Amino acid sequence: MKLKFIVLFLCFVFNAKGIAQCEIKNRVQADGSMIYYFEPAVFYTTKAKSLKINIVTDKEHYFVALQPTPFPDKKEGKKIKEDLIIHLADNKTYNLAHYDTQYRRNDSIMQVLYLIDNKDIEAFSNYEAVSAEINMQGTEFVRSYNFKLHKNAIVEQLNCFLKKEEN
């Protein structure tokens, strides 16, 4: 009897975790379009800098959204136009085209969106992120991150969107 209870409890815990991972949120943009996203996951953190990442979609395109800290003021941050270079666990390097730089919540958060090329969706949905280089024009040249935390968050979030589209 005790064993059945433990097994049932563990099934519930793992199932609840799986459901929580696919908690998709949405927001109406200034232009009236709807975007869908997840809460950003911390991929890298030190006393000097941190990086949160999440997947954002308009149901037509998929974006990697980066929230670096510290970030430049709006005047300098809007100069960020370079592509994101990201390395996945398949030992390949991917260039994601810069899409938009946004300042949100009274400019307390900077978010940079990079477009995932359709040909790379499969790789991003199967291989965890290992590292990234961001050209933080206006503050320093290239900011590099070797991911230590939540390296599989991009895979999990992208797969949640892809499963939702199948249904």
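Attention here is on the structure that accompanies the text. None of the values given here were measured: they were computed from a predicted structure. (Residues numbered from 1 in each chain as written. Predicted model: local features only at pLDDT ≥ 70, side-chain atom pairs only at ≥ 80, totals over all residues. Heavy atoms only, no water.)

## Considering the environment of Glu-156
Thinking step 1. Along the chain, Glu-156 turns up in helix α4 (residues 153–166).
Thinking step 2. The exposure class of Glu-156 is partly exposed, given its relative accessible area of 28%.
Thinking step 3. Counting along the chain gives 30 residues from Glu-156 to Asn-126, while the straight-line C-alpha distance between them is 8.9 Å. (Helix = DSSP H or I, 4+ residues; strand = E, 2+ residues; numbered from the N terminus. Buried < 20%, exposed > 50% of the residue type's maximum accessible area, 1.4 Å probe, protein only.)

## Digging into the pattern of salt bridges
Thinking step 1. All told, the structure shown has 5 salt bridges when counted by the stated rule.
Thinking step 2. In this structure, Lys-74 engages Asp-107 in a salt bridge whose closest nitrogen and oxygen atoms are separated by 3.4 Å. Here Lys-74 is found in helix α2 (residues 74–77), whereas its partner Asp-107 is found in the loop between β7 (93–104) and β8 (109–116), with 33 residues between them in sequence.
Thinking step 3. With its nearest N and O atoms 3.2 Å apart, the salt bridge here joins Lys-79 to Glu-76. (Salt bridge = Lys/Arg side-chain N within 4 Å of Asp/Glu carboxyl O.)

## Regarding the state of the cysteines
Thinking step 1. Using the criterion set out here, one finds 1 disulfide in the structure.
Thinking step 2. Put simply, Cys-22 and Cys-160 are joined by a disulfide, and their sulfur atoms are 1.9 Å apart. Disulfide Cys-22-Cys-160: the torsion about the S-S bond is -85 degrees, which places it as left-handed. Note that Cys-22 is positioned in the loop between α1 (2–21) and β1 (25–28) and Cys-160 in helix α4, a separation of 138 residues in sequence. (Disulfide = S-S within 2.5 Å.)

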